[in-house]
Amino acid sequence: MQYPSRRPARGRTTRLLTTALILFAAALGLGPLGAQPATAATNLVRNPGLEVLDAGSQFPQCFEKSGWGDNDYSFTVTDDAHAGDRAVRIALTRRASGDRKTMMLENSCAPQVTPGHQYDLSFWYKSTTPDVAFTIFRHDTDLGWVYWTDLKTLTQSAAWARTEVRTPVIPPDTDQVTWGGALYGVGTLTTDDYAMTDATVPSGSDPCQAGGTGPECKGEWTVQTLRSPVRAIHSVLLHNGKVLLIAGSGNDQDAFRAGTFKTSLYDPVAGTYTAIPTPEDFFCAGHVQLPDGRVLVMGGNKDYAAPDGSVGYKGLKTSYVFDPALNKYVKVNDMLAGHWYPSATALGNGDVLSLGGLGEDSSGTVVNEHFSYAQNKWLPMGEAKQAWSFWGLYPSMILLQDGRLFYTGSHVFGGGLPGSGASVYDYAAGTIADVPGLRRKDERDQSMSVLLPPAQDQKVITIGGGNHTVSPDAHRLVDVIDMKAGSPAYVPGPDLPQGHYQNGSPQTGDQGKVYVSAVILPDGKVLETGGALHTYREDPVFEASLYDPATNAFEPGLATDPVPRTYHSSSVLLPDGRVMSIGNNPGDGSFDQRVSIYKPPYLFKGPRPQITSLQNTAWTYGSTQRITVDKPVVKASLIRPAAVTHSSDPNQRYVDLPMTVDGTTIDLSLTSNPNLAPPGWYMLSVVDADGVPSVSRWVRVGAAGQVAEARVQAYATDLEEEAATSGGHDHQHHQGMKMPQGYDGCDHSYGTISQCVPWKFPAMPSSERCTWLKQKGYGTKLTVHGRDRHHLDRNGDGVACGKGDTVRRR
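Only a predicted model underlies this, so the values are computations on that prediction, with no experimental measurement involved.

Visitor: Please explain the overall build of the protein as it appears in this structure.
Guide: Within the protein one finds four helices and 53 strands. Put simply, the protein has 810 residues, and 58% of those count as buried. Of the contacts formed within the protein by residues at least 6 apart in sequence, a portion of 64% connects residues at least 24 apart. For the protein, the accessible surface area stands at approximately 30,700 Å², while carbon and sulfur atoms represent 51% of it.

Okay, structure coming up:
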């Protein structure tokens, strides 16, 4: 039965007593578990003990009977309370769908929140069923009240038990939340004594807000004394903390002809290098970590392009696995076709898909490759599903939460694919659907795409890029897409911050960067660094910034790497929170083998939290994992280690771990969907209220044989899908394409896309270059598309080696 309204005097007495108890706890230094601010945290919930009833409804003020679906239920105000005289009991006697919950009213009663902050939410409960979720809604200033997420599943408890959860970071444009326990099974749930406190009040003022310019605001770069012994084209972080630096021939034709192929294992702690015997030319291969920590390497360079363009680069069909336990490459079976510049995307069941690149005949490869982790082999034709679509070179293919692949539009060399330049590929169904909105889709050569933190949000950012056959300079466009939206489409993001050139002159106008490196950091931000103005490996840009997904804004003006980082450069997050950058291969064929290490600003903002114990390093999906820490922290995450080359690492991701906090003991909830966190080794880190992360601990996600379930979401459903079959193809997207010859050794500023004017001419006076080109069959007129870097257009009429460009000898 419902309680009648009690006398006002008794209600005031109860509230005064509650206030006195709160003040008494504050005086003793007590507060919500896991939070230790300088002053006692304020409970943001109104009528938290449910003691004051509304005169009309006889239900606790500022709370409501909420829920949805087909079920039989009742709400009862009961005297079976945890504290005080009242609690609320929900009973479900029949359920076909939906839930019932006691939550704060969606009006001024709902607690106010600040974007970027996190909050500790708690209540006391009793339940006769485990079918109870800790759920939260948020008020969006544009969309109104919307469901946010379920934070935790509660255990059944016959006695009063306290549950507490720390929220994810409050998104932009969110000003209020409402939350509570949702009963979604037959049984009862009784709740009482709600509390909400701000867990992210920093320990002190931020010096950077006051114009600070020290390393705590800009970070710090150092160049290592010992240089890399290899021309590192590929960088792969192993679960032992070492970095596999793969060169192959290292874009050095002399090394290729000599059969000198190299790999080195770098230990960033000891600062040492170990040579690894390398069986074939892995220059421009694909690579990805397997669930057990081995590295699958696919394809590579079968042959270099001829300087005269008669023969293009050719892809290998061989494949190897690097085993960190043995420090050696082990051959696996060949792929179905050759691949030079292939993608590599890890799937939710541990398998790998590889798409794109150039084949053994130097034409664009349209054959999909499927590596079975369970069988440790590439699947034969008929088992590897085919769409017969050409995806370009190093296409950025990001695994979505429903198992489909998102081709972001980032690629290497040339223009974008026909259509919108971005698409969703359903490998199982063989369908491809264009995704709109990507700006300048033909100028995304060596842009970089990242699945933004957290992976659960399914947002992707694409940064910068260029194509000097279309426009002489790289641009600074940044586009963002929400793949959980009903109709996913890229929308413009903030422009990439501008930097300066080697001579100190600043970037101007629309000048941006190609060869961008973008690295997810443990504080949930993305470091972008390195790059150049031109896609022909000239004019390095010195600029670095932090992108914050929570605010959709860049923090510009970071310290910059002293070493130019253009073509064949890469950046990798290390387990201790530093970032390693390596590589630079200018158009003259040289290679800078210096290694730079960046300490982000968070490493200068005070003592780091520590993970003092880790109950388990083998994590199963949907499990709760307990850790202990040495100080209060506000968030925890898993970051997949890097496997990057050519501004491409489609597997990079940050998985949020919702927390249940009890002092320094924290329970972390791992997603139950392997598509969000494909099986393998991850770096676990925690972050405090000042944004300072711990050193990471390694954990392996996914038990053997645990695979992704079918989890198709209700988004992207109205995209126009096209069936891809092995028959005739009317859509250019699905056709094999003959690629221009000699990509890596050609300067496509001149002539047609199929002509290969060399990056570097044989030794001769510049006046004789046109004669040399004519002798090689290039003709006497070559259109100039970009800068005339070889000085072949002396009269400036836009035609190289034309009339008036040749110097006559007397």
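Having seen it, we continue.
Visitor: I keep staring at empty space enclosed by the protein and nothing clicks. Help me out?
Guide: The probe, sized like a water molecule, is rolled over the atoms to show the empty space still left. By the definition in use, this model includes nine cavities of 30 Å³ or more. Taken as a whole, the second largest cavity encloses approximately 90 Å³ of empty space. Contributing to the lining of the second largest cavity are 13 residues, with His287, Pro342, Ala344, Ser648 and Pro650 lying nearest its centre. Within the lining of the second largest cavity, the residues separate by chemical class into six nonpolar, six polar and one charged.

Visitor: Would you mind going over the sheet that holds strand β32 (residues 478-482) with me for this structure?
Guide: Hydrogen bonding along the main chain pairs the strands of a sheet, whether they run parallel or antiparallel. The strand order across the open sheet built from four strands is β30-β31-β32-β33, with neighbouring strands paired in antiparallel fashion. Either end of the sheet is taken by a strand with one partner, and the two such strands are β30 (448-451) and β33 (491-492). Relative to β32, strand β31 (residues 459-463) is paired through five bridges, and the arrangement is antiparallel. In the sheet register, Lys459 faces β32, and the bridge partner there is Asp482.

Visitor: Sorry if this is basic, but what is going on with the pairing of strand β3 (residues 87-95) here?
Guide: Remember that side chains alternate between the two faces of the sheet whenever the strand is regular. Note: strand β2 (residues 71-78) against β3, eight bridges, orientation antiparallel. Looking across to β3, one finds that Thr78 is bridged to Ala87. Relative to strand β10 (residues 187-198), β3 is paired through five bridges, and the arrangement is antiparallel. Paired with Val88 across the two strands is Thr191, which belongs to β10.

Visitor: Could you clarify how one ought to interpret the state of the cysteines in this entry?
Guide: By definition, a disulfide is the covalent link that joins the sulfur atoms of two cysteine residues. Considering all chains together, one arrives at three disulfides under this definition. With its sulfur 2.1 Å from that of its partner, Cys208 forms a disulfide with Cys217. Since a negative S-S torsion denotes a left-handed disulfide, the Cys208-Cys217 link at about -100 degrees is left-handed. Under the relative-accessibility criterion, Cys208 is labelled partly exposed at 26%. We classify Cys217 as buried; its relative accessible area is 14%.

Visitor: Please clarify how the packing of aromatic side chains should be interpreted in this entry.
Guide: What describes a pair of aromatic rings is the distance from one ring centre to the other and the angle between the planes of the rings. Tallying each qualifying case throughout the model produces 32 aromatic pairs. Both rings, one in Tyr515 and one in Tyr567, keep their centres 5.6 Å apart while their planes meet at 50 degrees; by these two values the pair is tilted. Residue Tyr515 is located in the loop between β33 and β34 (517-520), and its partner Tyr567 is located in the loop between β37 (553-555) and β38 (570-573); the two are separated by 52 residues in the primary sequence. Site record: aromatic cluster; members linked through ring pairs are Phe256, Phe261, Phe283, Tyr304, Tyr313, Trp340, Tyr341, Tyr394, Phe413, Tyr515 and Tyr567.

Visitor: Help me understand the nonpolar core in this model?
Guide: The tendency in soluble globular proteins is for nonpolar side chains to be buried side by side. With 46 residues, the main nonpolar core has Leu245, Ile461, Leu521, Leu573 and Met580 as its most contacted residues. Grouped together as the second largest cluster of nonpolar side chains are 38 residues, Trp340, Ala387, Tyr407 and Val412 included.

Visitor: Help me understand unusual backbone geometry in this model?
Guide: For residues that are not glycine, phi is negative in most cases, and the peptide bond is trans in most cases. Residue Pro454 is bonded to the preceding Pro453 through a cis peptide linkage, with omega at -15 degrees. Its place among the elements puts Pro454 in the loop between β30 and β31. Even without a glycine there, the phi angle at Ser362 is positive, about 75 degrees. Tracing the chain through its elements places Ser362 in the loop between β23 (352-354) and β24 (369-372). You can call Ser362 buried: its relative accessible area is 4%. The phi angle at His568 is positive, at roughly 60 degrees, despite the residue not being glycine. Inspection of the secondary structure assignment puts His568 in the loop between β37 and β38.

Visitor: In this structure, what is going on with the confidence of the model for the protein? I would like to understand it.
Guide: Detailed reading of the predicted model is not advised wherever pLDDT is low. Here the protein averages 87 in pLDDT, and 86% of its residues register 70 or above. Note on residues 722-744: pLDDT under 50 across the span, and 78 contacts to partners over four residues away in sequence or across chains.

Visitor: Would you mind showing me how to read the environment of Met483 here?
Guide: The topology assignment puts Met483 in the loop between β32 and β33. Along the chain, Met483 and Val424 lie 59 residues apart, while their C-alpha atoms are 9.7 Å from each other.

Visitor: Would you explain the pattern of salt bridges in this entry?
Guide: When the charged atoms of two side chains with opposite charge come close together, those side chains can pair. Counted under the stated rule, the structure contains 25 salt bridges. A salt bridge links Arg626 to Asp667; the shortest N-O distance between them is 2.7 Å. One end of the pair, Arg626, is in strand β43 (residues 624-629); the other, Asp667, is in strand β48 (residues 665-669), and 41 residues separate them in sequence. Arg626 sits in the partly exposed class, given a relative accessible area of 39%. Judged by relative accessible area, which is 17%, Asp667 ranks as buried.

Visitor: How do you make sense of the sheet that holds strand β20 (residues 319-323) when you look at a structure like this?
Guide: Spatially, four strands are ordered β16-β17-β20-β21 in an open sheet, and the strand pairing comes out antiparallel. With one partner strand each, in any of the chains shown, β16 (286-289) and β21 (328-332) form the two edges of the open sheet. Strand-to-strand twist of the sheet, defined as the mean angle between neighbouring strand axes without regard to direction, takes the value 25 degrees. For β16 and strand β17 (residues 295-298), the ladder comprises four bridges, and the chain directions are antiparallel. Directly across from Gly286, in β17, lies its bridge partner Met298.

Visitor: Could you clarify how one ought to interpret the environment of Leu53 in this entry?
Guide: Relative to the assigned elements, Leu53 resides in the loop between α1 (8-27) and β1 (63-68). Its relative accessible area of 9% is what places Leu53 among the buried residues. Along the backbone, Leu53 and Phe63 are 10 residues apart, and their C-alpha atoms lie at a distance of 9.4 Å.

Cut-offs used in this document
- Residues numbered from 1 in each chain as written.
- Predicted model: local features only at pLDDT ≥ 70, side-chain atom pairs only at ≥ 80, totals over all residues.
- Heavy atoms only, no water.
- Helix = DSSP H or I, 4+ residues; strand = E, 2+ residues; numbered from the N terminus.
- Buried < 20%, exposed > 50% of the residue type's maximum accessible area, 1.4 Å probe, protein only.
- Contact = heavy atoms within 4.5 Å.
- Areas by Shrake-Rupley, 256 points an atom, 1.4 Å probe, with all protein chains shown as cover.
- 1 Å grid on protein atoms, 1.4 Å probe; cavity = no way out; pocket = protein on both sides within 12 Å on 5 of 7 lines; lining within 4 Å.
- Points joined across faces, edges and corners; volume = space filled by probe spheres on them.
- Nonpolar A, V, L, I, M, F, W, Y, C, P; charged D, E, K, R; others polar.
- Pairing = 2+ DSSP bridges.
- Disulfide = S-S within 2.5 Å.
- Phe/Tyr/Trp six-rings, centres within 6.5 Å; stacked < 30°, edge-to-face > 60°.
- Core = buried A, V, L, I, M, F, W, Y, C linked by side-chain atoms within 4.5 Å.
- pLDDT = per-residue confidence, 0-100.
- Salt bridge = Lys/Arg side-chain N within 4 Å of Asp/Glu carboxyl O.
- Axes fitted to C-alpha atoms, helices over the stretch in contact; angles between N-to-C directions.

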